Amino acid sequence: GSVGVRSAPSVDCALLVMACSPDVSPLANVIDEALECILQVPGAIRRGGTANDLAAELAKQKPRYFLFSGHADASLGAQGEKTLCFTQPGGGAEAVEADVV
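Residues numbered from 1 in each chain as written. Predicted model: local features only at pLDDT ≥ 70, side-chain atom pairs only at ≥ 80, totals over all residues. Heavy atoms only, no water.

### Details of the nonpolar core
And step 1. Core analysis: the biggest nonpolar cluster contains 11 residues, these being Cys 13, Leu 16, Met 18, Cys 20, Ala 44, Ala 51, Leu 54, Phe 68, Leu 84, Phe 86 and Val 96.
And step 2. Look past the residues within four positions of Val 96 in its chain and what remains in contact with it is Ala 51, Leu 76, Thr 83, Leu 84, Phe 86 and Val 101.
And step 3. Core analysis: the next-biggest nonpolar cluster, separate from the first, contains six residues, Leu 15, Val 30, Ala 34 and Ile 45 among them. (Core = buried A, V, L, I, M, F, W, Y, C linked by side-chain atoms within 4.5 Å. Buried < 20%, exposed > 50% of the residue type's maximum accessible area, 1.4 Å probe, protein only. Contact = heavy atoms within 4.5 Å.)

### What to know about unusual backbone geometry
And step 1. Its identity is not glycine, yet Lys 62 carries a phi of approximately 50°, on the positive side.
And step 2. Structurally, the position occupied by Lys 62 is in the loop between α2 (51-61) and β4 (65-69). (Helix = DSSP H or I, 4+ residues; strand = E, 2+ residues; numbered from the N terminus.)

### Quick word on the packing of aromatic side chains
And step 1. Within the structure shown, the criterion is met by one aromatic pair.
And step 2. Geometrically, the ring pair formed by Phe 68 and Phe 86 is edge-to-face, given 5.4 Å between the ring centres and 70° between the ring planes. With Phe 68 in strand β4 and Phe 86 in strand β7 (residues 85-87), this residue pair connects regions lying 18 residues apart in the sequence.
And step 3. Classification of Phe 68 as buried rests on a relative accessible area of 14%.
And step 4. Overall, the relative accessible area of 0% leaves Phe 86 in the buried class. (Phe/Tyr/Trp six-rings, centres within 6.5 Å; stacked < 30°, edge-to-face > 60°.)

### Some details on the pattern of salt bridges
And step 1. Using the criterion set out here, one finds three salt bridges in the structure.
And step 2. The salt bridge involving Arg 46 is made with Asp 53; its shortest N-O contact spans 3.3 Å.
And step 3. Look at Asp 53 and you get partly exposed, because its relative accessible area is 24%.
And step 4. Close ionic contact of Glu 57 with Arg 46 constitutes a salt bridge, the shortest N to O distance being 3.4 Å. With a gap of 11 residues between them, Glu 57 in helix α2 and Arg 46 in strand β3 (residues 43-47) connect regions that are remote in the sequence. Like Arg 46, Glu 57 is buried.
And step 5. Sharing partners across several salt bridges, the network here consists of Arg 46, Asp 53, Glu 57 and Lys 60. (Salt bridge = Lys/Arg side-chain N within 4 Å of Asp/Glu carboxyl O.)

### Concerning the confidence of the model for the protein
The predicted coordinates should not be examined in detail at positions where pLDDT is low.
And step 1. Summarising the model, the protein shows a mean pLDDT of 87, and 88% of its residues fall at 70 or more.
And step 2. Within the protein, the lowest mean pLDDT, 52, falls on strand β1 (residues 4-5), and the highest, 96, falls on strand β2 (residues 15-19).
And step 3. Counting interchain partners and residues more than four positions distant, the pLDDT-below-50 stretch residues 7-11 has eight contacts. (pLDDT = per-residue confidence, 0-100.)

### What to know about the side chain of Glu 94
And step 1. Relative to the helices and strands, Glu 94 is located in strand β8 (residues 93-95).
And step 2. Of the side chains with opposite charge, Arg 46 lies nearest to the buried Glu 94, which makes no salt bridge, at 9.8 Å.
And step 3. At a separation of 3.1 Å, a polar atom in the side chain of Glu 94 contacts the main-chain amide nitrogen of Ala 51. (Lys, Arg positive; Asp, Glu negative; His and termini not counted. Polar contact = N/O pair within 3.5 Å; in protein donor to acceptor, adjacent residues only side chain to side chain.)

### Topic: the environment of Glu 57
And step 1. Given a relative accessible area of 6%, Glu 57 falls into the buried group.
And step 2. For Glu 57 and Met 18, which are 39 residues apart along the polypeptide, the C-alpha to C-alpha distance reads 9.3 Å.
And step 3. Only 3.4 Å separates the side chain of Glu 57 from the side chain of Arg 46, close enough to count as a polar contact.

Here you go:
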């Protein structure tokens with residue numbers, strides 16, 4: 001999946017949507033869901049990205065609301081802890097520990 005922000009940066013961004021759909025397990029509806037949301041609440045869509053990308057976007061956009069659209073059930077570690085699944089620049093999956101997010 002490609003990665004990037006789909007609107008101009010704005011300090012008045014009410015909603016930031018991060019739409020992650022890694023190539024290994026693509027989700028057909030993440031962009032549609034993001035578009036439906038910003039039709040209701042002005043905002044920006046970040047298509048793909050890592051947990052670090054999310055932190056940078058939140059700092060730059062300073063949204064009032066945030067929505068993660070993607071896999072929220074990625075397994076991590078020996079215990080199989082469930083966490084968010086971000087998208088690496090090449091389209092790969094990136095699961096991170098919950099406290100990182």
